[in-house]
Every structure is written in structure tokens, then in C-alpha cells.
Amino acid sequence: MKDKKSSPDSSGSSSGTPKDSHYARLRRQFRDQKTGGSEQNSQNHRFNKRKPVKGTPAGDGITRLYGLHTVKAALENPRRQIFRMMVTKNALARLELDEATIARLAPEMVEPRDIDALTGSDAVHQGVLIETAALKPRKLQDLKEGKLLLILDQVTDPHNVGAILRSAVAFGADALITTSRHSPQESGVLAKSASGALEMIDQIEVRNLAEAILELHELGYMTIGLDSEGPLEMEHTLKGDKVALVLGAEGKGLRQKTRETVNALARLDMPGAIKSLNVSNAAAISLYAAQRFLSK
């Protein structure tokens, strides 16, 4: 004798077996997804969706830094002058600041959208922002004794410079040297890319890069310009106990005057089909090689 088939109820589900009810629920979910969800889900979606915000420019002399690692490092830097701090309750807990620091900073407790209004909604601020004065770059004459320097010849992209700063700190470089012109200004984007490294290394600005390289020669530095078509492998150019690595902007590379001034032009030997790297990747690899050489 055949089992009687259960009849569907008004909602479209079958009342006969748990299996039938299960498949009915799946059908409803599928319909909801096709139509944009149930009315309640649609309402929740409208409330939860954050509208894109462009942000607003900072005032003259003000630099906005954001992100947990970036702000934490800035707060620990005695050279950093901080005017204002905006932070969410959750971010403040994650920063783990002591009571004395909180009292000194007097942070404004805000919602994420309040920071969005300043940075723009595309910025990954993680619920914390500070307004601060930019760090004053040092002069070449301020350079104390060091063994490893990194020099950027008109590298302008703040994401690249931030990543380079992070590698420079990771591999123990003593300073980053840039030109006064054609270099990115300190900004939230650069600092976020550096993930705290902006506060951990001396940055030196020079007007004339070729003259600065000649001064480094007098101080005993072996200056090596990185070039994808350099005549020598980098490992064969490392000499002495002081090394300064020079990297140029992507696409343009080192300027002709810089190429003529460094002690050596070298390439990173790569056996693969691609013979050039992003400038931040090239910086990390060359810093690693130089640090290994100097630590012998």
C-alpha cells in the first residue's frame, strides 16, 4: 500500500515530514535571495549599510594619522606633537593606554562615522585618529654614525614610501634619505602603509641628491644604485663597513646624475621571466642582502 502524500500548506511548505519542511525552508531562502531578501532583512540592510563619505581636508600645519599601529607608535614617539585624538570605545581598549596617557590626551569618544567624516569612508582607520604636526625632517649633517642607509631618488607614491619605511626599520637601517622636492609629504596614507615605522627611523631631506651622495662618500659609505640593467649583481658590489642603497622611482628609475654619482650600479639577479620588481619589494630584498653582508 502506498503512503499518502502530504499536501502543501498555504506558505508553500509541506506539513507531512520534517524532510519536506526542510526543503520548503530552502526554497523560501532561495526566493528571498533572488528578490533581495525579506522585508525585515531589507530594512536591516538599509540601516547597516554605510554611505560613502569623501572626508574633509585637514587645516594648515595639521597631519591626520589613523589606524591602531600607526597611532600607537605616534603616541610613543616623544618627538610627536599631538593636538587632538578621536577614538571609539573599542579602539581605545585595543590601544591599551595607561590612565596618565589618557588624561594627557583627553581623547574624544566617537563613533566610526565621525572619523569617516574626516578621513573619508575608504580609509581603514580602525576607530582611531589623531591630528598632529608633521615630524621635522633632519639634515644630513645630523646623521650620526651608522652602517646602513636607504636613499630614494624621487619615489613619490606614499604607499611605496610607507612600505619602504617599514622594511627599513625591519632590517635595521639607520636613516631614510629623500629629496625635498618630488617626495611625498607625511600623510595618513603614508603612515598607515608604514604601520608605525614612520616614528622609528630618522628621515633626512636633502636639496641636491648628487651632492648628498658625495658627502656620504666622504663619510665612508659605499653607495650602490639599484638598476634592473646594472652591470653587476648586487652581492658583488657590497664593500666596506658602511652601505647606502639608492633606489629610483618606478618606471623612471634612477636619474642620470644619480647614476653617475654612486659608486656602483647593481641589479638584483632574478632567474625568472620578470626582471624588475616594485620599488618597495626591491628595497626589502636589497636591505636584507646589505644587512647580511654588514653583520658578517
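Residues numbered from 1 in each chain as written. Predicted model: local features only at pLDDT ≥ 70, side-chain atom pairs only at ≥ 80, totals over all residues. Heavy atoms only, no water.

Under the annotation held in an unreviewed UniProt entry, the protein carries the name 23S rRNA (Guanosine2251-2'-O)-methyltransferase and is attributed to Pseudochrobactrum asaccharolyticum.

> An account of the side chain of Glu186 is needed here, citing residue identities and associated values.
Mapped onto the fold, Glu186 is located in the loop between strand 6 (175–179) and helix 8 (188–194). One polar contact links Glu186 to Arg80, side chain to side chain, over a distance of 2.6 Å. There is a polar contact of 3.2 Å between the side chain of Glu186 and the backbone nitrogen of Leu135. What Glu186 contacts, discounting residues up to four positions off in sequence, is Thr63, Leu65, Arg80, Ala133, Ala134, Leu135 and Leu198. (Helix = DSSP H or I, 4+ residues; strand = E, 2+ residues; numbered from the N terminus. Polar contact = N/O pair within 3.5 Å; in protein donor to acceptor, adjacent residues only side chain to side chain. Contact = heavy atoms within 4.5 Å.)

> Can you break down the pattern of salt bridges residue by residue, with the values?
Scanning all chains against the criterion turns up eight salt bridges. Note that Glu131 is salt-bridged to Arg84, the shortest N-O span being 3.8 Å. Pair noted here: Glu131 is in strand 4 (residues 128–132) and Arg84 is in strand 2 (residues 82–87), with a separation of 47 residues, a long-range link. Under the relative-accessibility criterion, Arg84 is labelled partly exposed at 28%. A cluster of three or more residues bridged by salt bridges with shared partners is formed by Arg64, Arg84, Glu108 and Glu131. (Salt bridge = Lys/Arg side-chain N within 4 Å of Asp/Glu carboxyl O. Buried < 20%, exposed > 50% of the residue type's maximum accessible area, 1.4 Å probe, protein only.)

> Describe the nonpolar core, and please don't skip the residues or the numbers.
Counting residues in hydrophobic clusters, the biggest one holds 48 residues, and the most contacted among them are Met85, Leu150, Leu165, Met234, Leu245 and Leu247. In terms of residue count, helix 11 (residues 279–294) provides more of this core than any other element does, seven residues in total. Both of domain 1 (62–133) and domain 2 (140–295) provide at least three residues apiece to this core. Counting 18 residues, the second largest nonpolar core, distinct from the first, contains Ile151, Ile204, Val206 and Val246. (Core = buried A, V, L, I, M, F, W, Y, C linked by side-chain atoms within 4.5 Å. Domains from an automatic or database assignment.)

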